Amino acid sequence: MQPSGHRLRDVEHHPLLAENDNYDSSSSSSSEADVADRVWFIRDGCGMICAVMTWLLVAYADFVVTFVMLLPSKDFWYSVVNGVIFNFLAVLALSSHLRTMLTDPGAVPKGNATKEYMESLQLKPGEVIYKCPKCCCVKPERAHHCSICKRCIRKMDHHCPWVNNCVGEKNQRFFVLFTMYIALSSVHALILCGLQFISCVRGQWTECSDFSPPVTVILLTFLCLEGLLFFTFTAVMFGSQIHSICNDETEIERLKSEKPTWERRLRWEGMKSVFGGPPSLLWMNPFVGFHFRRLPTRPRKGSPEFSV
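Residues numbered from 1 in each chain as written. Predicted model: local features only at pLDDT ≥ 70, side-chain atom pairs only at ≥ 80, totals over all residues. Heavy atoms only, no water.

## Quick look at the packing of helix α2 (residues 45-70) against helix α3 (residues 76-101)
Running from N to C, α2 and α3 point in directions that differ by 175°, and their axes come no closer than 11 Å. With respect to α3, the axis of α2 lies roughly antiparallel. Counted together, Ala51, Thr54, Trp55, Val58, Ala61, Asp62, Val65, Thr66 and Leu70 of α2 and Tyr78, Ser79, Asn82, Gly83, Phe86, Asn87, Ala90, Leu94, His97, Leu98 and Met101 of α3 form the full contact between these two elements. For the contact of α2 with α3, the per-class residue count stands at 12 nonpolar, 7 polar and 1 charged. (Axes fitted to C-alpha atoms, helices over the stretch in contact; angles between N-to-C directions. Helix = DSSP H or I, 4+ residues; strand = E, 2+ residues; numbered from the N terminus. Parallel < 35°, antiparallel > 145°, perpendicular 65-115°, else oblique. Contact = heavy atoms within 4.5 Å. Nonpolar A, V, L, I, M, F, W, Y, C, P; charged D, E, K, R; others polar.)

## Here we look at helix α8 (residues 268-275)
Buried residues of α8: Gly270, Met271, Val274 and Phe275, and no others. Buried residues of α8 fall within an arc of 115° about the axis and therefore sit on the same side. Contact partners of the buried residues in α8: α5 (172-202) and α6 (213-247). Just downstream of α8, glycine 276 is the residue with a positive phi angle, here 85°. (Buried < 20%, exposed > 50% of the residue type's maximum accessible area, 1.4 Å probe, protein only. Arc of directions from axis to C-beta.)

## Some details on the pattern of salt bridges
For the structure shown, the criterion picks out 5 salt bridges. One salt bridge in this structure joins glutamate 253 and arginine 142, with 2.8 Å as the shortest N-O distance. Of the two residues, glutamate 253 is situated in helix α7 (residues 251-255) and arginine 142 in the loop between β4 (137-139) and β5 (143-146); the sequence distance between them amounts to 111 residues. Residue classification places glutamate 253 among the buried positions, given a relative accessible area of 0%. Between glutamate 269 and lysine 272 there is a salt bridge, with the nearest N and O atoms lying 3.9 Å from each other. Note that glutamate 269 and lysine 272 are positioned in helix α8 at a spacing of 3 residues, about one turn of the helix. (Salt bridge = Lys/Arg side-chain N within 4 Å of Asp/Glu carboxyl O.)

## Considering the state of the cysteines
Under the definition given, this model contains 1 disulfide. Disulfide pairing is shown between cysteine 200 and cysteine 208; the S-S distance is 2.0 Å. Looking along the S-S bond of the cysteine 200-cysteine 208 disulfide, the torsion reads about 100°, which is the right-handed sense. Summarising the burial analysis for this pair, cysteine 200 and cysteine 208 share the class buried. Here cysteine 137 stays unpaired: no disulfide links it, and the sulfur of cysteine 135, its closest cysteine neighbor, is 3.4 Å away. For cysteine 137, a relative accessible area of 0% translates into the label buried. Counting only cysteine sulfurs, cysteine 166 is the nearest neighbor of cysteine 149, a cysteine outside any disulfide, at a range of 3.6 Å. (Disulfide = S-S within 2.5 Å.)

## A look at the packing of α2 against α6
Relative placement of two packed helices is described by the angle separating their axes and the distance separating the axes. In the contact formed by α2 and α6, the axes pass within 10 Å of each other and the chain directions differ by 135°. Judged on the interaxial angle alone, α6 and α2 are oblique. In the crossing of α2 with α6, the sense of the turn from one axis to the other is left-handed. In this structure, α2 uses Leu57, Val58, Tyr60, Ala61, Val64, Val65, Val68 and Met69 to contact α6, whose residues at the interface are Thr216, Ile218, Leu219, Leu220, Phe222, Leu223, Glu226 and Phe230. Residue composition of the contact of α2 with α6, by class: 14 nonpolar, 1 polar and 1 charged. (Left-handed = near helix turned anticlockwise from the far one by under 90°.)

Shown next as structure tokens:
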């Protein structure tokens, strides 16, 4: 029982940080404000490789669509319209990917489980709060610890290596947009591949592309496989994310069968809370709220994330 009358539950029975521990509560508020002005980035080798692969695969699809299918086409407007549509979707997809990867997903400040902080919460006698024994923070409701980010994340849905970040309270919207735009661009690429194959079969293979027939077939076949895999994965993820938002239940909460202790925001209320405001075209815009952030003088040490 704590002096303030509340109880601190710690599964691994770690004590609260003492006043003489390494964590400095006086510098916490300034450091939190400092971090808020920076871009979030996780230094995870696997995640960074997956993120780079995502960009390379999108770049490959753009190369095949532009230089193998559209530029050699004799129909000018067919090339222009489809080129604009595909590149527009690709830009939105990669922008959403960047916003997902570089946005703080809702990390709880490290080491805030101090005596001073506990007293500042003004908890009622007998009220139970939880402390994460791994990052020494007071754990908010619906927060879970990520072993890769080394932080507790508010409303953590899952950690996705393809965006090298957790999907949580603050970046779920961008992740949903990323899966949607990748799925749409994959469908568009598959349609263009089908039309290109039909055009080449009906005419001359040497005239339907600037590349040799064997190279053209290999490039189109690989793009079809990539499009099918990307569409299947992102369509499933998009559907599961919309289902989770409409039911106000994260993937972790669903897998753990956690009984809701919070007031659920169902359907449109859940969508509004994630995308912000009433339904509008702004929901589809990954650039909303974007502003350039200042560069830090030096990276932070002792944690897998840093700000740039």
